[in-house]
Every structure is written in C-alpha cells, then in structure tokens.
Amino acid sequence: MSGPRQVLLQRLAPDVVVAQLGDDGDRGEVVRLREDELPAFVGGLEGTGAGSGPRWVWDDTTRWYPQVLAAGGRVRRCTDLRLVHRVLRRSPVVDQALLTGPDTAAWDEAQPLLLSGTALGGSAPAPEGLFELHPPAGLLDAAAELARQEAALAASPARGHLQLLAAAESAAALAAAEMTHAGLPWRADVHDRLLVTHLGPQPAAGEAPAALAAALARTRQALDAPSLNPDSPADLQRALRRAGLELPDTRSGTLSQVEHPAVAPLLEHRRLSRLHAANGWRWLREWVREGRYRPDHLPGGVVSGRWAAQGGGALSVPAVLRPAVVADDGWRLVVADVAQLEPRVLAAVSGDVDLARAAAGGDLYQGVVDSGAVATRSDAKLAVLGAMYGATAGSGGRMVEHLARRYPRAVEHLETAAAAGERGEVVRTWLGRGSPRPSGSWTQQAPDVPATDAELRERRSWGRFTRNFVVQGSAAEWASSWVALLREELWRLGGAGAGRVEQRPHLVLFLHDEVLVHTPAALADEVVGAVRTAAERAGRLLYGGFPITFPLDVHVCRSWADADDG
DNA sequence: AGACCGTGCGCC
DNA sequence: AAAGGGCGCACGGTCT
C-alpha cells in the first residue's frame, strides 16, 4: 500500500489545519486536524521505510516543522512555498505574470518564524509569533501559490535549474529546522574556562574583567588620557591626536601600522573587549541551554542565497571558543570543509576547463602557479580573490591581469557580470537566482548626463557586488545542495529503525562551505563517506559532466577545535 | 525610552 | 599580505 505522493497543509484558523492528500494535480482526500494532531498525522504518512513519505507542501517550514520535530518526527521532503516564492520573484528567467496573484504582496513580505530567544530561552521579548501581528503568513492560500509556482517553473527556459534550486532551498529549510532542533553541542564549563584564561575570573555584574581593566589602564597611561573610552572612536581618535598620531580611522589594521607604546595594549583591549561583549558570560547565559546552542538558521537569508543565522552570531563563533564545541560522550563531530569552493564554482559556471584543470590536483592555487600564470601560491590567491571581489589597485589588481591571460573564460565571466551590474542590469546564479535591482540616482541617468564622482563610485561598487554575486550565489546553491544531499545520506546511515533526528547522525552547523555533523562514534567513518558522497553528488547534480571536483578536508574529532588540520 | 546610523570586528 | 564581496552583533552617538 502506498500513500499520497503529495500533501498540502494549510491553516484555516489558528487551530484548524487542513491537509489535501493528492498526486500531481489530483486533489484527493481532504482531512481536517487540530494543531496538536499534526505530528501524529505527519508520522502516519511519513512511515519509517527508506524512500517513503509524501512531499509536504506548506507555506513556510518554520511554521510547521519544529512541532513535528519536537514530537520526535521527521519528514523526508517538502516544498517551502515562501522560500521558492522569493527565488522565483527575483529570477530573471521567470515570467512574473505567471507568478502574480491577489496575495502576491503578502507572499513577498512573509517572514520566517524565529525560535531563538523566544519559547525555549524564555527571557527575550516579543515573539514574532505564529498568529500575532499579521496572521497572513499562516493563512495565505498555499494551494493557489503552489499552482502559480508550478506554472512559472514549467514555463521557464531554465526550468531544470530552477527546479533544482527550489528543491535545494526546500530541503535546506528542513535541514535548518533540524539543526536548530538538535542544537550545537556546547560545553559551558569549557567556555567558562576559556573566558577565565583570556579575561580573568567572571566579574561582578557591570564590572570589567581583570585582564580588560588592566589593558585599559595601560592604554590610558600610554596615551596620558585617564578617562579615555577606547570603545568610542571619536574619543580615541582625539587621544591619539594629542599623542601625535594622526590616523584616518581607528581600525586595528590602521593602528598596527604605527609605532607607539599605546598600540599594543589598545589592540589587546579591543580583542578582549570584543570577546567579552560578543561571546562572554552573558552570551553563555543567554544562548546555551542544557549543553546546546540553538540559533535560528535561515536558508536563503542573504541576497546571494547564502544562509543567514540569527541568535548569538552563530556564523561567527570565534576560533578561540571552538574548543567549547564538543561531541557528547560516545559521540564524535565530523567536520568537513570544501577547499576553495568559490573558485571551483567559478570554473564550473564559466565553463573554464583550464581553471578546472588547475583545480584537479586538489590545490587550485598551486594549480594556477603550475600553469605558469603567476609565480607563487600567494600571488595565485591574490589574483583569484581579486578577480572575484573586483580588486583594481595594488598587487591584487596586477595579479588579475596575469590570471586573465591564462584563464580568459573565468575572468571574462566575472567581467561580464560586473559590466552588467554597472549598467544596472540583473545578473543570475548558475541555477537562476537573480540579483536585486539597484536603486540610486546613477540607475536612472540619461547617457548624456555626466555622472558625478559619487555616482561613478556607486556604479562601480554595484558592479563589484554583481561580480561577486554570480560566484558567491552559485557557490551558495552548490553548498545548499551538498547539505540537502548529506541530510539524505545521514538519515540512511541511521538505520531503518525509528529514532529521533538527534539520536542518529545529524547536522549541527553549516557555515557557507563547512559542515559539522554530530554522530555516534561507531558511525563516524560512515559519516565521513557520506559527506564525501554528498559532495560528489552535488557536483554532478549541478554541473553534470563538467570536470570539476570538490575535495573536502574532513576530520573526525571530539572538539571542533581539533579540526584545524593535522 | 526607543529608533536609527556609523564604526569596528568576528566569521565565511 | 591586499582592502575588492557577504553577513550579525555590540557599542557610541544622535535624533525623536
């Protein structure tokens, strides 16, 4: 007996859920449920066997999946209409007329429902709640939107690619919800010990840690400024000027270029005060509960398609605190990152087989050196990064010229994207995500009106953005696909039996080109295989037979800190 | 008191 | 080893 291939869920009112069971286009049975009956309903159709389960269609994964996970459930696949809507709305290869309906504006504005800092943590204010404010996101007509999206996809000349992107985004939404549900293992005791090492014992509320106070005292003394507040750029710049240092700004890089006895304590104060303010004891109290850190993960949260995260700065966990990320007893972390993801993606999307060949040895930068384009590995890095970011001046700019001679297709792909951006045009990623339209006076200028310097600057700046967009965005969709496929592979590893997501090998963090998997120790080797398999599958899925590989650095370890090579 | 912006810095 | 892309977050400072 096989269940429906698709189930569309819709809320008619706060406690009234309607499920339409059907196969493509066919509306079959309609079932009404209460909210609390949802997990059992989902579990009943999802089954336990591999490959079973329908495609769940819902307005927004963040409004359906957390309760299923909390009840111990899991779904295999879904369509996240909010995420797919956002992609299609901005894609230059979609006929917008097909996507437009009476409630399109509401779909445009739909926001994910965040969990961080609300229900579980407690103290933070104002949940952006399920039914508070505009109920719309919960009450939009999902069936109508699905029909519009399917029509828009079917009519697109880039149908295949866009469907991959829609599937990847939706699967990413599932992975993101599971990551928040399981949480990143976080040892508060280790974190505290690290803070004591760097800052001294935890001070009384409102007081500065000893090491911070000492650095401040030395800074004030060296500048002969007893009431200096180094957190105030204006105050600091004044004090520096009195000491004979005229600096354009007070950034660390600028400071470290001058010689003055105040610089060292000042920079130490910066470093420590940053640690204390961003990831100190307050952070620990606010974000870590029962050995887990649970930020919200937001696939497609960044214009380029990269994931964003909210709650505690999850994407910038400082390196010094990574020892606090430790697998549970009997478990391991599998940490994997892709070497040189963006230049590899550049080779693929531009069809530059020479750059792909340079990447084939495993170290793309070394490959660029070996091809004779530049002399040293660091020049190669400078050249490649400069090309992707739009460096013009300095050695970065010079190196790009060398790169262009040897890899004209890759460099031309970037130049074309930059030129389109400077003309105010939209560019797209490999799978069809469109860049936002620029605004500003330079976009509406008649050709015969001379631009001001400011306008020229903005124009070039937008060109650098679109130049980077095609690479960063295409890399982001490769990475989301990797995560989506890895999620599948991991579930398979857990065995056919039951078991919650967090009791089997599961993703706990994703950082643009790096994943952390928490796994029972006995399965760690298989997880390593799964991570590699998923990367290979992602490459084939997106780029077919194009000869680019995505080599991974993979480490099995107890702590994230142990994953730095070796 | 709260909204907003600029500066600076952590990460990729 | 240059300064070119993307974020989230804390803080100072200003405005309302």
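In the nomenclature of an unreviewed UniProt entry, chain A corresponds to DNA-directed DNA polymerase from the organism Quadrisphaera setariae. Looking at the Catalytic activity (unreviewed entry) heading of the UniProt record, one finds this comment for chain A: "DNA(n) + a 2'-deoxyribonucleoside 5'-triphosphate = DNA(n+1) + diphosphate".

A look at the sheet that holds strand β8 (residues 292-293)
Ordered by their spatial adjacency, three strands build an open sheet running β6-β8-β7, and the pairing between neighbours is antiparallel. In the strand order of this sheet, the two ends are held by β6 (184-185) and β7 (288-289), each with one partner. When β6 meets β8, the two strands line up antiparallel, connected through two bridges. Across the sheet, Leu 184 pairs through a bridge with Tyr 293, a residue of β8.

Brief notes about the pattern of salt bridges
Charged atoms that come close allow side chains of opposite charge to pair. Counted according to the given criterion, the structure contains 28 salt bridges. A salt bridge links Arg 34 to Asp 36; the shortest N-O distance between them is 3.2 Å. For Arg 34, a relative accessible area of 42% translates into the label partly exposed. Since its relative accessible area comes to 57%, Asp 36 is described here as exposed. Through salt bridges that share partners, Glu 488, Glu 489, Arg 492 and Arg 537 make up one connected network.

Digging into the protein's contact with DNA strand B
In the vicinity of DNA strand B lie 17 residues, with Thr 250, Ser 252, Arg 270, Arg 306 and Asp 513 positioned nearest. A breakdown of the atoms of DNA strand B within 4 Å of the protein gives sugar and phosphate a share of 83%. Backbone polar atom of Ala 319 to a phosphate oxygen of DNA strand B: 3.1 Å apart, as the coordinates give it. Arg 322 is positioned such that a nitrogen or oxygen atom in its side chain is 3.1 Å from a sugar or linking oxygen of DNA strand B.

Thoughts on the protein's contact with DNA strand C
Near DNA strand C lie 24 residues; those nearest to it are Ser 232, Gly 311, Tyr 389, Arg 464 and Phe 465. A distance of 3.3 Å is found between a base nitrogen of DNA strand C and a side-chain nitrogen or oxygen belonging to Arg 274. Within the side chain of Arg 464, one N or O atom sits 3.0 Å away from a sugar or linking oxygen of DNA strand C. Of all the elements, helix α21 (residues 453-493) adds the most residues to the surface near DNA strand C, at four residues. Here the residues of the surface near DNA strand C are counted per class, giving nine nonpolar, 10 polar and five charged.

Details of the packing of helix α20 (residues 408-422) against α21
In the contact formed by α20 and α21, the axes pass within 7 Å of each other and the chain directions differ by 135 degrees. Overall, the two elements α20 and α21 adopt an arrangement that is oblique. Along this stretch, α20 crosses α21, giving a crossing that reads as right-handed. Contact residues: His 413, Leu 414, Glu 415, Ala 417, Ala 418, Gly 421 and Glu 422 in α20; Arg 459, Arg 460, Trp 462, Gly 463, Thr 466, Arg 467, Val 470 and Val 471 in α21. Looking at the contact of α20 with α21, its residues break down into six nonpolar, four polar and five charged.

Regarding the packing of aromatic side chains
The geometry of an aromatic ring pair is captured by two quantities: the separation of the ring centres and the angle between the planes. According to the stated counting rule, one finds 12 aromatic pairs in the structure shown. Ring geometry for Trp 430 against Tyr 543: centres 5.7 Å apart, planes inclined by 55 degrees, an arrangement best described as tilted. A residue pair is termed long-range when its members are at least 10 positions apart, and Trp 430 in the loop between α20 and α21 and Tyr 543 in helix α22 (residues 524-543) qualify at 113 residues. Three or more aromatic residues joined by ring pairs form one cluster here, namely Trp 430, Trp 478, Trp 482, Tyr 543 and Phe 550. Directly above the ring of Trp 560 sits Arg 322, whose terminal nitrogen or CZ lies 3.9 Å from the centroid. The cationic tip of Arg 504 hangs over the ring face of Trp 491; the distance from NZ or CZ to the ring centre is 3.5 Å.

Examining the sheet that holds strand β1 (residues 6-13)
Taken in spatial order, the five strands line up as β3-β2-β1-β4-β5 in an open sheet, and their pairing is mixed. Only two strands of the sheet have a single partner each, and these edge strands are β3 (30-33) and β5 (77-80). Along the sheet, successive strands turn relative to each other by an average axial angle of 25 degrees, direction set aside. Sheet topology note: the strand β4 (residues 55-58)/β5 ladder contains four bridges and is parallel.

Describing the environment of Val 400
Looking at where Val 400 falls in the secondary structure, it is placed in helix α19 (residues 394-406). If sequence neighbours within four positions are ignored, Val 400 has contacts with Ala 383, Gly 386 and Ala 387.

Some remarks on the pairing of β4
With burial as the criterion, each face of β4 is covered, one bearing Arg 55 and Val 57 and the other bearing Trp 56 and Trp 58. One ladder, built from three bridges, connects β1 with β4; its direction is parallel. Its bridge partner being in β4, Val 7 is matched across the sheet by Trp 56.

Regarding α22
An ideal rise of 1.5 Å per residue puts 28 Å on 20 residues; α22 measures up with 29 Å between its terminal C-alpha atoms. Of all the positions in α22, only Ala 524, Val 527, Val 528, Ala 530, Val 531, Ala 534, Ala 535, Ala 538, Gly 539, Leu 542 and Tyr 543 are classed as buried. Where α22 is buried, its residues meet α8 (159-182), β11 (331-338), α15 (341-350), α21, β13 (514-520) and β14 (552-557). Where α22 terminates, the next one or two residues include Gly 544, which has phi positive at roughly 55 degrees.

Concerning the nonpolar core
Here is a general trend for soluble globular proteins: nonpolar side chains tend to be buried in one another's company. By size, the foremost hydrophobic cluster in this structure holds 83 residues, and its most contacted members are Val 368, Trp 478, Trp 482, Leu 486, Leu 507, Tyr 543 and Ile 548. The biggest single contributor to this core is α21, with 12 residues. Split by domain, the residues of this core number at least three in each of domain 1 (1-157) and domain 3 (341-471). In this view, Trp 478 contacts Val 338, Leu 341, Val 345, Ala 535, Ala 538, Gly 539, Leu 542, Tyr 543 and Phe 550; residues no more than four positions away in its chain are not counted. Grouped together as the second largest cluster of nonpolar side chains are 31 residues, Val 190, Leu 284, Trp 331 and Leu 333 included.

Cut-offs applied
Residues numbered from 1 in each chain as written. Chains lettered and ligands numbered in written order. Predicted model: local features only at pLDDT ≥ 70, side-chain atom pairs only at ≥ 80, totals over all residues. Heavy atoms only, no water. UniProt positions renumbered as here; feature names shortened; annotations may be inferred. Pairing = 2+ DSSP bridges. Helix = DSSP H or I, 4+ residues; strand = E, 2+ residues; numbered from the N terminus. Salt bridge = Lys/Arg side-chain N within 4 Å of Asp/Glu carboxyl O. Buried < 20%, exposed > 50% of the residue type's maximum accessible area, 1.4 Å probe, protein only. Near = heavy atom within 4 Å. Polar contact = N/O pair within 3.5 Å; in protein donor to acceptor, adjacent residues only side chain to side chain. Nonpolar A, V, L, I, M, F, W, Y, C, P; charged D, E, K, R; others polar. Axes fitted to C-alpha atoms, helices over the stretch in contact; angles between N-to-C directions. Parallel < 35°, antiparallel > 145°, perpendicular 65-115°, else oblique. Left-handed = near helix turned anticlockwise from the far one by under 90°. Contact = heavy atoms within 4.5 Å. Phe/Tyr/Trp six-rings, centres within 6.5 Å; stacked < 30°, edge-to-face > 60°. Lys NZ or Arg CZ within 6 Å of the ring centre and 35° of its normal. Expected span 1.5 Å × (residues − 1). Core = buried A, V, L, I, M, F, W, Y, C linked by side-chain atoms within 4.5 Å. Domains from an automatic or database assignment.

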